[in-house]
Amino acid sequence: FEDQWKQLSWDTAVHRTDALQFLVDTEGSDRVLLGSNFAGWDVEDKYQDMINKLRLPPGGAEAILGQNAKRIFRLRVSARSLFLLRHQQFRVVSI
């Protein structure tokens, strides 16, 4: 069971900072991906605000905002998207 559990990833669509912090604390920021409901109908600024309020390890915000998706889905990311991730100037980032 532990091997299968380690293959799971989680998204940020929990709508509460304390719930997202619990998720990061229990599963690790390397297993959390930026996510929203209704194909981005949620207000994405709220996700950015929640991520900014989290206690994260170095690189944790960048991981959640796109690096985890890049790694898990083996995506190629444009230089502009990487710049936005590094400087946390994200809105909807095309990957």
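See the structure printed just above.
Presented here is a report on the structure given in the accompanying data block. (Residues numbered from 1 in each chain as written. Predicted model: local features only at pLDDT ≥ 70, side-chain atom pairs only at ≥ 80, totals over all residues. Heavy atoms only, no water.)

## Let's talk about the packing of aromatic side chains
Evaluated as defined, the whole model comprises two aromatic pairs. Aromatic side chains tryptophan 5 and tryptophan 10 sit 5.4 Å apart centroid to centroid with 50° between the ring planes, which places their arrangement in the tilted category. Three or more aromatic residues joined by ring pairs make a cluster, and in this case those are Phe1, Trp5 and Trp10. (Phe/Tyr/Trp six-rings, centres within 6.5 Å; stacked < 30°, edge-to-face > 60°.)

## Quick look at the nonpolar core
Membership of the largest hydrophobic core is limited to 12 residues, which are Ala13, Leu20, Leu23, Val24, Val32, Tyr47, Met50, Ile51, Leu54, Ala61, Ile64 and Leu65. Counting residues per element, the ones that place at least two in this core are helix 2 (17-27), helix 3 (44-53) and helix 4 (60-73). (Core = buried A, V, L, I, M, F, W, Y, C linked by side-chain atoms within 4.5 Å. Buried < 20%, exposed > 50% of the residue type's maximum accessible area, 1.4 Å probe, protein only. Helix = DSSP H or I, 4+ residues; strand = E, 2+ residues; numbered from the N terminus.)

## Quick word on the pattern of salt bridges
Enumeration over the complete set of coordinates arrives at three salt bridges. A salt bridge links arginine 16 to aspartate 18; the shortest N-O distance between them is 2.6 Å. You can call aspartate 18 partly exposed: its relative accessible area is 46%. Taking the shortest distance from any N to any O, the salt bridge between arginine 31 and glutamate 27 comes out at 2.8 Å. According to the relative accessible area criterion, arginine 31 is buried, its value standing at 13%. (Salt bridge = Lys/Arg side-chain N within 4 Å of Asp/Glu carboxyl O.)

## Let's talk about helix 4
Taken as a whole, helix 4 carries its principal kink of about 55° at glycine 66. Where helix 4 is concerned, the buried positions are Gly60, Ala61, Ala63, Ile64, Leu65, Gly66, Asn68 and Ala69. Where helix 4 ends, the next residue or the one after it, arginine 74, has phi of about 55°, a positive value. (Bend = angle between axes of the 7 residues up to and from the residue.)

## A few points about the side chain of threonine 12
Within the secondary structure, threonine 12 is located in the loop between strand 1 (10-11) and helix 2. Sequence-distant contacts of threonine 12, that is, excluding residues within four places in its chain, are made with Leu20, Val32, Leu33, Leu34, Gly35, Tyr47, Met50, Ile51 and Ile64. (Contact = heavy atoms within 4.5 Å.)

## Observations concerning the environment of alanine 69
By the element assignment, alanine 69 lies in helix 4. Separated by 37 residues in sequence, alanine 69 and valine 32 place their C-alpha atoms 8.8 Å apart. Apart from residues no more than four positions distant in its own chain, alanine 69 is found in contact with Leu33, Arg74 and Leu75.

Treat this as a map of the structure, not an account of what it does.
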